[in-house]
Amino acid sequence: QVQLAESGGGLVQAGGSLRLSCAASGRTFSDYDMGWFRQAPGKEREFVGGFWSAGSTVYANSVKGRFTISKDYTKNTVYLQMNSLKLEDTAVYSCAAKSKGTLNYVYWGQGTQVTVSS
């Protein structure tokens with residue numbers, strides 16, 4: 001099974017950028033469908049974006065045009081580039097993996113905190 005570890009979170013001013021990393025180990029991430037999620041205090045976890053075996057990458061409407069998911073197969077790492085950050089992007093961001101063709105993400109990283117300040 002795959003293990004996931006996020007990094008790159010931190011404190012950033014509104015309008016700034018951050019790049020989160022999700023390093024996979026144990027298995028290659030290309031064996032899975034991958035997703036980024038976030039959870040703000042007092043709110044449910046929400047899907048941010050992801051890609052799967054069909055090759056397409058999808059994003060939540062709230063981040064479309066600002067966030068971009070990329071992949072580095074040599075490093076077995078998935079990235080989430082976040083630009084034009086807003087206060088409402090403050091959350092714990094987690095990457096997750098699911099077996100291709102299944103519905104539920106079952107492998108999760110520990111999460112990384114992103115705080116956007118005014």
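Residues numbered from 1 in each chain as written. Predicted model: local features only at pLDDT ≥ 70, side-chain atom pairs only at ≥ 80, totals over all residues. Heavy atoms only, no water.

Draft legend 1. The side chain of lysine 98, seen in detail. With respect to the helices and strands, lysine 98 occurs in strand S9 (residues 91-99). Given the relative accessible area of 8%, lysine 98 is considered buried. Within the structure, the side chain of lysine 98 is placed 2.9 Å from the side chain of aspartate 33, a separation counted as a polar contact. A distance of 2.7 Å separates a polar atom in the side chain of lysine 98 from the backbone oxygen of threonine 102. In contact with lysine 98, other than residues within four places in its own chain, are Tyr32, Asp33, Leu103, Asn104, Tyr105 and Val106. (Helix = DSSP H or I, 4+ residues; strand = E, 2+ residues; numbered from the N terminus. Buried < 20%, exposed > 50% of the residue type's maximum accessible area, 1.4 Å probe, protein only. Polar contact = N/O pair within 3.5 Å; in protein donor to acceptor, adjacent residues only side chain to side chain. Contact = heavy atoms within 4.5 Å.)

Draft legend 2. Representation of the state of the cysteines within the structure. Tallied over the full model, the rule gives one disulfide. Disulfide pairing is shown between cysteine 22 and cysteine 95; the S-S distance is 2.0 Å. Because the sign of the S-S torsion sets the handedness, a value of about 70° for the bond joining cysteine 22 and cysteine 95 places this disulfide among the right-handed ones. Note that cysteine 22 is positioned in strand S3 (residues 18-25) and cysteine 95 in strand S9, a separation of 73 residues in sequence. An identical accessibility class is assigned to cysteine 22 and cysteine 95; each is buried. (Disulfide = S-S within 2.5 Å.)

Draft legend 3. Examining the pattern of salt bridges more closely. For the coordinates displayed, the defined rule picks out five salt bridges. One salt bridge connects arginine 38 with aspartate 89, and the closest N-O pair in it is separated by 2.9 Å. One end of the pair, arginine 38, is in strand S4 (residues 32-39); the other, aspartate 89, is in the loop between strand S8 (77-82) and S9, and 51 residues separate them in sequence. As a salt-bridge pair, arginine 66 and aspartate 89 come within 2.7 Å of each other at their nearest N and O atoms. Separated by 23 residues along the polypeptide, arginine 66 in the loop between strand S6 (57-59) and strand S7 (67-72) and aspartate 89 in the loop between S8 and S9 bring together distant segments of the chain. (Salt bridge = Lys/Arg side-chain N within 4 Å of Asp/Glu carboxyl O.)

Draft legend 4. View of the sheet that holds strand S1 (residues 3-7). Read across the open sheet, the four strands follow the order S1-S3-S8-S7; overall the sheet is antiparallel. Strands at the two margins of the open sheet, each flanked by one partner only, are S1 and S7. Looking at each pair of strands side by side, their axes are set apart by 20° on average, direction ignored. Pairing geometry for S3 and S8, over six bridges, is antiparallel. Along S8, the bridge assignment pairs serine 21 with tyrosine 79. (Pairing = 2+ DSSP bridges. Axes fitted to C-alpha atoms, helices over the stretch in contact; angles between N-to-C directions.)

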